[in-house]
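Structural features, examined
Listed below, chain by chain, are the residues.
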Amino acid sequence: MGGGLGRTPIVGVSLRDDLPEEDLLAYMEAILRVYNAHGRRDNIYKARIKILVQALGTDEFRRQVEEEFVAMDRARYRIEPALVAAIKARFGAPDFAPEGNAAAVLAEDRRRDIAFDAWVRTNTHEHKAPGYISVVISLKPAGGIPGDATAEQLDLLADLADEFSFGELRVTHLQNVVLGHVRQDQLHTVWQRLSQAGLGTPNVNFITDIVACPGLDYCALANARSIPIAQKLSSRFADLELQREIGDLRINISGCINACGHHHAAHLGILGVDKRGQEAFQITLGGSGEEDASIGQILGPAMAEDETVDAVSRLIDLYLVRRENGERFLDTYRRVGTAAFKDVVYAPA
Amino acid sequence: MPLLENGHPVEDTWRYAVEGEALGAGDVIVPLDRLSEGLGRSEGRLGVVLPNSEAVSVLKEALPKLAVVVVTFPIFRDGRAFSQARALREHLHFTGKIRASGHILPDQYEFLIRCGVDSVEVSGNADMAVWEEALRRFTIATQPSPVLDEKPTGFGLRRFLATP
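Residues numbered from 1 in each chain as written. Chains lettered and ligands numbered in written order. Predicted model: local features only at pLDDT ≥ 70, side-chain atom pairs only at ≥ 80, totals over all residues. Heavy atoms only, no water.

**Some details on the overall build of chain A**
For the record, the criterion: Strands are runs of DSSP state E lasting at least two residues, helices are runs of H or I lasting at least four, and both sets are numbered from the N terminus onward. Note on classification: 1.4 Å probe, protein chains only; a residue is buried when its accessible area is under 20% of the maximum for its type, exposed when over 50%, partly exposed between these limits. The convention is simple: Lys and Arg are positive, Asp and Glu are negative, and His and the chain ends are not counted. By convention, the point assigned to a charge is CZ for Arg, NZ for Lys, CD for Glu and CG for Asp.
Scanning chain A from terminus to terminus reveals 14 helices and nine strands. For chain A, the spread of C-alpha atoms along the principal axes amounts to about 65 × 60 × 40 Å. Residues counted as buried form 45% of the 349 residues belonging to chain A. Taking the average location of the 38 positive side-chain charges in chain A and that of its 49 negative ones, the two points are 5 Å from each other.

**Observations concerning the interface of chain B and chain A**
Counted only if it meets this: We call two residues in contact when some of their heavy atoms are within 4.5 Å. Buried area, as used here, totals the accessible surface that two parts lose on assembly, with accessibility defined by a 1.4 Å probe and the loss added over both. What makes a salt bridge here is a side-chain nitrogen of Lys or Arg within 4 Å of a carboxyl oxygen of Asp or Glu, nothing more. Polar contacts, as counted here, are pairs of nitrogen or oxygen atoms within 3.5 Å of one another; within protein the pair requires one atom able to donate a hydrogen and one able to accept it, and residues that are adjacent in sequence qualify only if both atoms are side-chain atoms.
Contacts between the two partners involve 21 residues from chain B and, on the opposite side, 19 residues from chain A. Here chain B packs against chain A, burying approximately 1800 Å² in sum over the two surfaces, 48% of which is carbon and sulfur. Run the count over chain B and chain A and you get three salt bridges. Notably, a salt bridge pairs D78(B) with R41(A), separated by 3.4 Å at the nearest N-O pair. Along the contact surface separating chain B from chain A lie 12 residue pairs in polar contact (both at pLDDT 80 or more). Counting only elements with at least two residues in the side of chain B that touches chain A, the list comes to α2 (80–90) and α5 (156–162) of chain B. Considering each element in turn, the side of chain B that touches chain A owes the most residues, four residues, to α2(B).

**Describing the pairing of strand β6 (residues 251–254) of chain A**
All names here are of chain A. Which entries qualify depends on this criterion: Between any two strands, pairing holds if DSSP finds at least two bridges.
Of the two faces of β6, both are covered, the one formed by I251 and I253 as well as the one formed by N252 and S254. Bridge count between strand β5 (residues 211–212) and β6: two bridges; the pairing is parallel. The partner of A212 across the bridge, within β6, is I253. Across four bridges, β6 lies against strand β7 (residues 268–275) in parallel orientation.

**Focus: a negative patch on the surface**
Residues and elements named next belong to chain A. To be explicit about the condition: Patch definition: residues above 30% relative accessible area lacking any salt bridge, with like charges linked at up to 9 Å and the nonpolar side chains Val, Leu, Ile, Met, Phe, Trp and Tyr linked at up to 5 Å. The protein chains shown are the only cover counted for residues, whose accessible areas, like all others here, come from Shrake-Rupley with a 1.4 Å probe.
Where like charges cluster on the molecular surface, the negative patch consists of E152, D155, D159 and D162. With respect to the element layout, D162 can be found in helix α8 (residues 151–164). On the basis of relative accessibility, which here comes to 58%, the residue D162 falls in the exposed class.

**A look at the pairing of strand β4 (residues 177–183) of chain A**
Residue and element names in this part refer to chain A. For β4, the buried fraction is high: seven of the seven residues fall into the buried class. With five bridges connecting them, strand β2 (residues 132–137) and β4 associate as antiparallel partners. Bridge pairing links Y132 to R183 in β4. Between strand β3 (residues 169–171) and β4, which pair antiparallel in sequence order, lie five residues; one of them, Q175, sits at a positive phi of approximately 65 degrees.

**Structural notes on the confidence of the model for chain B**
To be explicit about the condition: As a per-residue measure, pLDDT tells how confident the predictor is, with possible values from 0 to 100.
Overall, the predicted model of chain B reaches an average pLDDT of 89, with 91% of residues at or above 70. Within the model, the stretch residues 152–156 of chain B combines pLDDT values under 50 with 10 contacts to residues more than four positions away or in other chains.

Have a look at this one:
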């Protein structure tokens, strides 16, 4: 409850962890009624549930929701188990084939083909069905525009989904594409066809797996362009060995304070601002949209595009020097604190 | 100002109290601060205007003696009156008429009815066909209404899912 990004980034809070499934609609209704009655009306930027939760405090907000909830005619709002079952049926698993020797074939393919093995390591997830694997197709080639695909590439993705993943593919919020259910013994074929089309970049979750909003190139709200700086960063860190050395690092870029690029939730966030008529970029560090959710903190004054790219390089250099065994960039930042990172960007050389 | 019920204009037998004048006899709607004066009358039915900043509980005592509660929309996007209508029906079990007044759009008409509103005051130059159409546009709803007796088929999502 009450989480959100934009101009007021806030990590949501938990109201209940024991709500019966059948009461879900009633409880959400109760939340909305409390918000409707008491939410801010005087300022559209503050007309948000998150603002009300902050103003009342979680405990008081929860108390008001509970008060409304217990007064409701819950039988009317009860979600029937049959309804839940009908919805579940529409998200059923496909008919998986038996495992056979799929895992053994994959292991052999990986042993024989180093490039394939590297891609499997970064661009796949385990699957719950034996013999299957889930594939993340990176739309982040070196120096490319995050999330872009040509018409031909889209045709290929559609074909691969039909041939290898039960006709299903998913476009993710990280601006990549997922084939959910690929047989392990067909993965090498999928990879070859992706690679031939320029879709085999093995960089998922690496520093070049950048999320960027459309920015000023396309968006009337933006203060700065997001795409060119994404491309410059992608080119700067294009070397795959370097990327593997740096490891997991999420960069998100937003071209304005509305935060469509979710920069607050990035390990290293970049926010485009208008600085006296010039495009400039603010860096935030320490954000995460995962289980350890946190809001990135602004490092210092905004800089011009090229300065920002150089600043990111210096931040990465510091991380590589200061990190301890197995730490991600985020872990090192959290342990070491802001000051050292701020110095490396702003202190005179 | 025409009054709509079930998508059609109906005769409005109510009048609003005029500031500084006695309430007189007959059916009259009073502002909240004249509620006790209205309750003190011996003849005629009584209605009250509930400002959208008030909790419905302010009417709790008077409700059995009220025939109409008017909920208000200073502007269409201030939707507090929706929750007030629901609370009047669901929490206080009000069975009289709920009338909506103010800046209301035809797109909101069905939601008002689903929240327990019976009648809507529309502006004199409103296109009645648009209001009537607004009630017919959607045949399913994903939220249950506290007033419409539409179980089991009317809980729209279930009906939708039941259709292969």
